[in-house]
Amino acid sequence: MAGPSPAEQLQAEASCPVCLELFQEPVSIPCGHSFCRGCIERCWESSRGSFCCPRCRNAAPEPSLRPNRELGRVADIARELLPAAGPGPVCGRHREPLRLFCREERALLCPACGRSRLHRPHRVVPAEEAAREFQEQIQSCLQALKEEREKYLESRKSGARRSSHLDKTRSEGQRLAREFRELRRFLEEQERLLLAQLGDLDGAIGRAQDEALAKVSEELSQLDTLIWEMEGKFQQPPSHFLQDIQQLLDSCEKMKFHPPAEISAELERSLEDFAQRNILVRGTLRRCQDSLMFQLQEPADVTLDPRTAHRHLQLSEDGKEARGQLLPRDVPDHPERFDFEPCVLARGGFTSGRHFWEVEVGQGGVWALGVVRESARRRGPLSLTPKEGVWALEAFHSLTSPRANLRLQPPPRRLRVSLDYEGRRVAFFSAGDDVPILEYTRAAFNGERVLPWFKIGIGARLLEVTRSPRCQERAVAGQVVSPLDWVGFGFSLRICP
């Protein structure tokens, strides 16, 4: 298909991009584009502080217009060379003015094109009529935009209308503050009630103890009198002493000390009931704290530290996954790295606050996870107990002595580790559950930094396998088991995002 003719090119270069006709008094604006003076001034009439180019949309700080006399002379030459074209463009094929408009193709046509077979089924109208309709349509859109713009500027100026999103956030903040005030008021009322009950119980116990002390004092006084009388009898001659010996023996039988109980059995039961209720309150508040933390607080950003990873552990590039491998990695052997147990620590650690993170442990496999003090041993066989600064859960066993069996059915595939540093507490949950599988209280952090800790496989078996002359598959109970499965490396640990 042939390109535009030289005449068409000349007409295009000498035409205003707004009115599409040959330039009339052309001017240039700061971005370099040129327009008829009247066209650009009409475009900028409704602008307030922003003078944009109709072609490139670049804004100018002020309506600066520079006459373009060279372009004006080009437009004059085009008018002389294209006398038949009249004021508008011409058809490149028939050299006739484009006086018609095809609604279907939205294209200008000359009369010859309008009569052609191609446009015969189309709605072809005079260009002036189509221009008026489109001008009215565009004018209506422009008017609506101007009204919206004016309303927005007025609202910004007067401050009468606030952002709906801002109103929503403020209202949610007020509602949240109100709910927490109600919760604090309820908890304070319950605290006052329980303290009042405890005060009544304390008063009753005090009164019972005072009564018991008074009875003891009275009985002790009577015993002192009897003892004094008996000791006086010892000073008498034998004939006088034996004269009323039976009475003395009867008195000795009665000389028994029966101190009363400090509190009654009923008060003892009341005190035990209150202690049980206090345990219930502490558990309820702890579960409420756990639920709010897990639902409202963002999980800690835990990333594995490759400097601490055992040589048989392979970490992912993002530091979120650890997987065991039989062949050791060629890594520097420095004091921070575990050299016996296949363990790895996370970066950073914590010295305060409440934090939690979730770990996918897979279905099966051998693993352990928890927290350790930064000073915990990393070289040689480790004693993985709280006494040595390790608070962990190992495949649903507690790392305590004796070890508690915590196996669940079905075993969860995703676990949550919760750390409360100031509360000296480490707890383990199934993801989505507020009741802990295992909980360590009164943890001795000793003011040290504590680090998330992970273990995969069994260290002793790992060394046995890697020291064997060859690692080959073995048949166990009719199934082929590789050394990788045997040492517990068949599953990885992944920290959830």
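Since we're looking at a predicted model, the values are computed, not measured.

### Structural notes on the overall build of the protein
Here comes step 1: A count of helical and extended segments in the protein gives 11 helices and 22 strands.
Here comes step 2: Classification of the 497 residues of the protein by burial places 32% in the buried group.
Here comes step 3: Taking the contacts inside the protein whose residues are at least 6 apart along the sequence as the reference set, 61% of them involve residues at least 24 apart.
Here comes step 4: As presented, the protein carries roughly 32,200 Å² of accessible surface, and 53% of it is formed by carbon and sulfur atoms.

### A closer look at the sheet that holds strand β7 (residues 107-109)
Here comes step 1: Read across the open sheet, the three strands follow the order β7-β6-β8; overall the sheet is antiparallel. Two strands bound the open sheet, and with one partner strand each, they are β7 and β8 (124-126). Pairs of neighbouring strands in the sheet enclose a mean axial angle of 35 degrees, with direction left out of account.
Here comes step 2: With three bridges connecting them, strand β6 (residues 100-102) and β8 associate as antiparallel partners. Each residue of the ladder has a partner; that of C102, found in β8, is V124.

### Quick look at the sheet that holds strand β2 (residues 34-36)
Here comes step 1: With antiparallel pairing, three strands are arranged side by side in an open sheet as β2-β1-β5. Edge positions in the sheet fall to β2 and β5 (66-67), since each of these pairs with one other strand and no more.
Here comes step 2: Across three bridges, strand β1 (residues 26-28) lies against β2 in antiparallel orientation. Counterpart to V27 in the pairing with β2 is F35.

### Some words on the environment of P54
Here comes step 1: Secondary-structure assignment places P54 in the loop between β3 (51-52) and β4 (59-60).
Here comes step 2: Residue classification places P54 among the partly exposed positions, given a relative accessible area of 30%.
Here comes step 3: Put simply, P54 and I40 are 14 residues apart on the chain and 8.3 Å apart in space, counted from C-alpha to C-alpha.
Here comes step 4: Ignoring anything within four residues of it in the chain, the contact list for P54 reads V18, F35, I40 and C43.

### With respect to the nonpolar core
Here comes step 1: Ranked by size, the top nonpolar core spans 35 residues in total, and within it W357, W367, L369, V426, F428, F445 and F454 carry the most contacts.
Here comes step 2: Ranked by size, the runner-up nonpolar core spans 16 residues in total, among them A14, C16, L22 and C53.

### Points about the packing of aromatic side chains
Here comes step 1: Counted under the stated rule, the structure contains five aromatic pairs.
Here comes step 2: Seen from their ring centres, F101 and F134 are 5.6 Å apart, and the 75 degrees between their planes marks the pair as edge-to-face. With F101 in strand β6 and F134 in helix α5 (residues 127-158), this pair connects stretches of sequence that are 33 residues apart.
Here comes step 3: Note on F101: relative accessible area 12%, which makes it buried.
Here comes step 4: Between the aromatic rings of F350 and W357, the centroid separation amounts to 5.8 Å while the plane-to-plane angle is 15 degrees, which identifies the pairing as stacked.
Here comes step 5: In this structure F350 comes out as buried when scored by relative accessible area, which is 13%.
Here comes step 6: By way of ring pairs, the aromatic residues W391, Y421 and F445 are connected into one cluster.

### Examining the side chain of S28
Here comes step 1: Relative to the helices and strands, S28 resides in strand β1.
Here comes step 2: Polar side-chain contacts of S28 include one of 2.9 Å to the side chain of S34.
Here comes step 3: Apart from the residues within four sequence positions on either side, S28 is in contact with H33, S34, S64, L65, R66 and N68.

The rules behind the values
Residues numbered from 1 in each chain as written. Predicted model: local features only at pLDDT ≥ 70, side-chain atom pairs only at ≥ 80, totals over all residues. Heavy atoms only, no water. Helix = DSSP H or I, 4+ residues; strand = E, 2+ residues; numbered from the N terminus. Buried < 20%, exposed > 50% of the residue type's maximum accessible area, 1.4 Å probe, protein only. Contact = heavy atoms within 4.5 Å. Areas by Shrake-Rupley, 256 points an atom, 1.4 Å probe, with all protein chains shown as cover. Pairing = 2+ DSSP bridges. Axes fitted to C-alpha atoms, helices over the stretch in contact; angles between N-to-C directions. Core = buried A, V, L, I, M, F, W, Y, C linked by side-chain atoms within 4.5 Å. Phe/Tyr/Trp six-rings, centres within 6.5 Å; stacked < 30°, edge-to-face > 60°. Polar contact = N/O pair within 3.5 Å; in protein donor to acceptor, adjacent residues only side chain to side chain.

By themselves, these are just geometric observations and shouldn't be taken as functional.
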